[in-house]
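# What the coordinates show
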Amino acid sequence: MKNITVLIKPSSSDCNLNCKYCFYKDSSRNRETYSYGFMNDDTLESVIKNTLDQEIFSCNFMFQGGEPTLVGLNFYKNVILLQKKYNKKNIHITNSIQTNGINLDESFIKFFKENNFLVGISLDGPKYIHDSNRKHYNDSGSFDDVISTIMLLKKYKVEFNILSVVTKYSSKLVGIIYEFYKNQGFTYLQFIPCIKEYNRDCKSIERDYYLDSNTYYKFLDTLFNLWNEDVINGKFIEIRNFMDYINVIKGYNPTSCGMGGFCSLHTVVESNGDVYPCDFYCIDEWRLGNIKYNSLYYIRRNDLAKKFFERSIYIHDECKHCNYFKLCGGGCRRNQEPFINGIPSHNYQCESIKKFFDNNLKKLINLAKYYI
């Protein structure tokens, strides 16, 4: 193992927003303990010491939630102190945080600048789109707060990117969203389709926030062709979804684990030290151990971790004969629920992805050859 990413949830599922589609609130509702509260100093020290004890060359500590800034700035100051204390092997360390931005004042942002944090900001588009789902607990929208934070990030020249959750509603407005992002001068975008909740059958994706196959195709096709035209005309904005396809065409590995053909077995640490294999599977069934009492080496190699990985490598016959399998890898495991007798269901977004490649693969190849 040369590199490792450790995703830390310092505030567990606690959050200062009440987003309608939050996948982590749904995950937390499906385990015995909804929230483990804030991570204490002893647990944080165990996470960092245990991680930097591994035989690795580089490490990325990622902080997510819930809302990871709720623990306060001193928590992150302690992160830096502990990393310096335990980095006896001169491992290359990077830090990143995914946040709704509500708590980021100048002291937080100056700290991120001084310590080279990459900041991911959750923003779903212009005000009327963003505020339709990303609300405070008093039902007011959060857009104005987020934009104020982005202005501060720009002021202090903090590196940041935009993560946008795509719902059935917002997918139909992707042209407006993309134009808004361009006008804001954003240069790195990531679009995440809203995932199904646990314990809902595949038919339920037709309702509420989830993108059925036809809606997802229209979203992909519309966004890609707007982006492709901009790239050809020398107006490049990095969109992770499409860059992953292009990187695979060029022979590189994708950054999205759902495209790899199997689960990469991430290391997700809850605020009490419990470790899970994936951000989408922080439920009791997949608790691999606790980093305060088990070595990270053992946790990532125990029988339950192996089971999680092995259940992800099944390939459906349809995928085996699909021209696009090397590009899509079968998709994210959560899109293949439920597993029946250890075998995943077929990815419910499959037809949309195939249709997208049918209509756009030549353009992707052209971009890979000449433009990017």
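Details of the structure are given in the entry above.
Overview of the structure.

Parameters at a glance
Position numbers for residues start from 1 in each chain and track the written sequence from start to end. Totals for whole chains, interfaces and linings use every residue, but because this is a predicted model, local features are given only for residues with pLDDT of at least 70 and side-chain atom pairs only at 80 or more, for both listing and counting. Side-chain figures throughout are based on the complete set of non-hydrogen atoms in the structure, without hydrogens or water. We call two strands paired when DSSP finds no fewer than two bridges between them. Segments assigned H or I by DSSP are reported as helices when at least four residues long, segments assigned E as strands when at least two residues long, and all are numbered from the N terminus. In summary, the pairing rule links any two rings of Phe, Tyr or Trp, Trp by its six-membered ring, whose centres are within 6.5 Å, and it sorts them by plane angle into stacked for under 30 degrees, edge-to-face for over 60 and tilted for everything else. Only protein chains enter the area calculation, which uses a 1.4 Å probe; residues under 20% of their type maximum are buried, those over 50% are exposed, and those in between are partly exposed. Comment: the charge-over-ring label is applied if NZ (Lys) or CZ (Arg) is within 6 Å of the ring centre and within 35 degrees of the ring normal. Should any heavy atoms of two residues lie within 4.5 Å, those residues are counted as being in contact. Think of a 1 Å grid over the protein atoms and nothing else: a 1.4 Å probe that fits but is trapped marks a cavity, an open set flanked by protein within 12 Å on at least five of seven lines marks a pocket, and residues with an atom within 4 Å of a point count as lining. Grid points are joined across faces, edges and corners, and a volume is the space filled by probe spheres set on the points. We define the nonpolar core as a collection of buried residues of types Ala, Val, Leu, Ile, Met, Phe, Trp, Tyr and Cys that are connected through side-chain atoms lying within 4.5 Å of one another.

## Here we look at the pairing of strand 3 (residues 92-99)
With six bridges joining them, strand 2 (residues 58-63) and strand 3 adopt parallel strand pairing. Its bridge partner lying in strand 3, cysteine 59 is registered against isoleucine 93. Two strands pair when backbone bridges link them, and strand 3 and strand 4 (residues 118-122) are joined in this way by four bridges, in the parallel orientation. Looking across to strand 4, one finds that serine 96 is bridged to leucine 118.

## Observations concerning the packing of aromatic side chains
The final tally for this structure, using the stated rule, is 32 aromatic pairs. A centroid spacing of 5.8 Å and a plane angle of 50° characterise the contact between phenylalanine 180 and tyrosine 181, whose relative ring orientation is tilted. Note on accessibility: phenylalanine 180 and tyrosine 181 belong to one class, buried. Positioned above the aromatic ring of tyrosine 297, the side-chain terminus of arginine 301 is 3.9 Å from the ring centre. For arginine 333, the ring lying beneath its charged end belongs to phenylalanine 339, and the centroid distance is 4.5 Å.

## Considerations on the environment of cysteine 278
Of note, cysteine 278 is situated in the loop between strand 9 (274-276) and strand 10 (289-290). We classify cysteine 278 as buried; its relative accessible area is 15%. Excluding anything up to four places from it in sequence, cysteine 278 contacts His266, Val268 and Phe308.

## Focus: empty space enclosed by the protein
Where empty space is left becomes clear once a probe the size of a water molecule has been rolled over the atoms. Within this structure, the stated rule accounts for two cavities of 30 Å³ or more. Of the pockets and cavities examined, the largest cavity occupies roughly 280 Å³. Lining the largest cavity we find 30 residues, and of these Ser312, Gly331, Cys332, Arg333 and Gln336 sit closest to its centre. Of the volumes computed, that of the second largest cavity is approximately 120 Å³. Around the second largest cavity sit 13 residues that line it, and Cys319, Cys328, Gly330, Cys350 and Lys354 are the ones nearest its centre. Of all the secondary structure elements, the ones that give two or more residues to the lining of the second largest cavity are helix 13 (317-320), helix 14 (325-328) and helix 15 (350-370). Sorting elements by how many residues they give to the lining of the second largest cavity places helix 15 first, with four residues.

## Topic: the nonpolar core
With 94 residues, the main nonpolar core has Tyr76, Leu123 and Trp227 as its most contacted residues. Looking at which element gives the most residues to this core, the answer is helix 9 (residues 213-232), with eight residues. Residue contacts for leucine 123: discarding those within four places in its chain leaves His130, Phe143, Val146, Ile147, Ile150, Ile162, Leu163, Ser164, Phe180, Tyr181 and Phe186. Core analysis: the second largest hydrophobic core is formed by seven residues, Leu17, Val165, Cys194 and Tyr210 among them.

In short, the description is geometric, and any link to function would need to be established separately.
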